[in-house]
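A closer look at the structure
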Amino acid sequence: AYNRSITSQGGRVGIGTTSPSYPLTISKTESSASDFQTNLDIKRNWTLGDATDRLHGLIFSDLNSINAGIFVNRYNSAGNYESHLNFYTNSGSSHMTPSNSLGNPKMTLNSSGSLGIGTSSPSNLASHGLQIQNTTTSSSTEGGEVKLTSNDGSALESGHRLGGIMFSAYEDSGSTQINGASIEAFAESNWTGSNNSTFLTFKTNESDNSYLERMKITSDGTVDHKGNYIVNEQGNQNHVANTMSSP
């Protein structure tokens, strides 16, 4: 059971503690390190409401508007127990309320474990996947986008990696994870205000953890392929000896 205490100092409320540090502090002593600790339960009595969507959650607001919200949606609640977790932000509406202005969620984690950004219904995915949807009018600068950034506060040095996409799986019962393929970007030289040359590498795993570079696209558009061909930016193709090496 919780010890209840209320302090008048700063208007703070403490539940399970006599020294609350914030407007509301809830403290509970763990009985076991492996236990789920439930310090706050937000429960809805949903005898009334829509038969397909029943949401309840938290809002973040200021003087004249709701800024954001996190809501659980008991999706298709009349037929099952599936729940989605929706994240909302204010796109510029004043005096926004949950019922009329939260609109479509900006991000949804659905009951199967798939994450949708810009869509509340990520589709055509495996049981765990990511879909990024841009609903802005299509143009040469719009569309779904993923940006991988390297930023340690200093200029990027030659051979340093900007980012990569890895494809991996476990080779046994789950104790050893191996990369099967990757696409990675590296600085081709030290970056400066006038030089940001970059190359791409494509790697695959041929046999027992034989994870090697198979193709490279340099900053000038030259394609160096393990099949012993180089294609330059003019589209000319020349047969050369295979001199591939990892960066």
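That block above? That's the structure.
From a predicted model like this one, the values you see are computed outputs, not experimental measurements.

Turning next to the overall build of the protein. Along the protein, the regular secondary structure elements total one helix and 16 strands. Classification of the 247 residues of the protein by burial places 19% in the buried group. A separation threshold of at least 6 residues defines the contact pool for the protein, and within that pool the share at least 24 residues apart is 22%. Put simply, the protein shows about 17,100 Å² of open surface, and 50% of that area lies on carbon and sulfur atoms.

Our next topic: the packing of aromatic side chains. Counted by the stated rule, this structure contains two aromatic pairs. When the centroid spacing of 5.9 Å and the interplanar angle of 90° are considered together, the rings of Phe71 and Tyr88 count as edge-to-face. Taken together, the residues span a long stretch of sequence, with Phe71 in strand E5 (residues 66-73) and Tyr88 in strand E6 (residues 84-89) at a distance of 17 residues. Comparing Phe71 with Tyr88 shows no difference in burial state: the two are buried. Measuring from ring centre to ring centre gives 5.5 Å for Phe186 and Phe199, while their planes differ by 20°; the resulting arrangement is stacked. With Phe186 in strand E11 (residues 177-187) and Phe199 in strand E12 (residues 198-205), this residue pair connects regions lying 13 residues apart in the sequence. As far as the burial class goes, Phe186 and Phe199 line up, both buried. The aromatic ring of Phe199 is capped on one face by Lys216, whose charged end is 4.3 Å from the ring centroid.

This part takes up the environment of Thr108. Mapped onto the elements of the fold, Thr108 is located in strand E7 (residues 107-109). Judged by relative accessible area, which is 0%, Thr108 ranks as buried. Put simply, Thr108 and Thr119 are 11 residues apart on the chain and 7.0 Å apart in space, counted from C-alpha to C-alpha. Once residues lying within four places of it in the same chain are set aside, the contact partners of Thr108 are His84, Leu85, Asn86, Ser114, Leu115, Gly116, Thr119 and Ser120. In this structure the side chain of Thr108 is engaged in a polar contact, spanning 3.1 Å, whose partner is the side chain of Asn86.

Before going further, it helps to spend a moment on the pairing of E11. Remark: a regular strand shows side chains that alternate across the two faces of the sheet. Pairing of strand E10 (residues 161-170) with E11 involves nine bridges; the strand directions are antiparallel. Considered in E11, the bridge of Ile165 is made with Ile183. Sheet topology note: the E11/E12 ladder contains seven bridges and is antiparallel. Within E12, the position partnered with Ser182 by the bridge is Lys203.

Glancing now at a nonpolar patch on the surface. Together, Val146, Leu148, Ile165, Phe167, Ile183 and Leu200 make up a nonpolar patch on the protein surface, roughly 530 Å² of accessible area in all. Checked against the element boundaries, Val146 lands in the loop between strand E9 (130-132) and E10. Judged by its relative accessible area of 62%, Val146 falls in the exposed class.

Take the environment of Asn86 next. Relative to the assigned elements, Asn86 resides in strand E6. Here Asn86 falls in the buried class, since its relative accessible area comes to 5%. Through-space distance from the C-alpha of Asn86 to that of Asn73 is 7.1 Å; in sequence the pair is 13 residues apart. If near-sequence neighbours (up to four positions away) are discounted, Asn86 is found in contact with Leu55, Gly69, Ile70, Phe71, Asn73, Pro105, Met107 and Thr108.

As a further point, take the sheet that holds strand E4 (residues 55-61). Sheet architecture is open: six strands sit in the order E4-E5-E6-E7-E8-E9, paired in mixed fashion. For this open sheet the edge positions go to E4 and E9, each flanked by a neighbour on one side alone. The average angle at which neighbouring strand axes cross in this sheet is 10°, direction not considered. In the sheet, strand E8 (residues 115-117) pairs with E9 via three bridges, with the strands oriented parallel. By the bridge assignment for E9, Ile117 is matched with Ile132.

What follows concerns the pattern of salt bridges. A side chain of one charge can pair with a side chain of the opposite charge when the charged atoms of the two come close. Here the structure, examined in full by the defined rule, presents three salt bridges. Residue Glu184 is joined to Lys203 by a salt bridge in which the shortest nitrogen-to-oxygen separation is 3.4 Å. Taken together, the residues span a long stretch of sequence, with Glu184 in strand E11 and Lys203 in strand E12 at a distance of 19 residues. Judged by relative accessible area, Glu184 falls into the buried class, the value being 6%. Among the residues examined, Lys203 registers a relative accessible area of 13% and is labelled buried. Among the salt bridges present, the one from Arg214 reaches Glu206, with a minimum N-O distance of 3.9 Å. Residue classification places Arg214 among the buried residues on the basis of a relative accessible area of 12%. Using a relative accessible area of 58% as the deciding quantity, one classes Glu206 as exposed. When salt bridges with common partners are traced through the structure, they connect Arg161, Glu184 and Lys203 into a single cluster.

Thresholds applied
- Residues numbered from 1 in each chain as written.
- Predicted model: local features only at pLDDT ≥ 70, side-chain atom pairs only at ≥ 80, totals over all residues.
- Heavy atoms only, no water.
- Helix = DSSP H or I, 4+ residues; strand = E, 2+ residues; numbered from the N terminus.
- Buried < 20%, exposed > 50% of the residue type's maximum accessible area, 1.4 Å probe, protein only.
- Contact = heavy atoms within 4.5 Å.
- Areas by Shrake-Rupley, 256 points an atom, 1.4 Å probe, with all protein chains shown as cover.
- Phe/Tyr/Trp six-rings, centres within 6.5 Å; stacked < 30°, edge-to-face > 60°.
- Lys NZ or Arg CZ within 6 Å of the ring centre and 35° of its normal.
- Polar contact = N/O pair within 3.5 Å; in protein donor to acceptor, adjacent residues only side chain to side chain.
- Pairing = 2+ DSSP bridges.
- Patch = residues over 30% accessible without salt bridge, like charges linked within 9 Å, V, L, I, M, F, W, Y side chains within 5 Å.
- Salt bridge = Lys/Arg side-chain N within 4 Å of Asp/Glu carboxyl O.
- Axes fitted to C-alpha atoms, helices over the stretch in contact; angles between N-to-C directions.

All quantities given are derived from atomic positions and should not be read as evidence of function.
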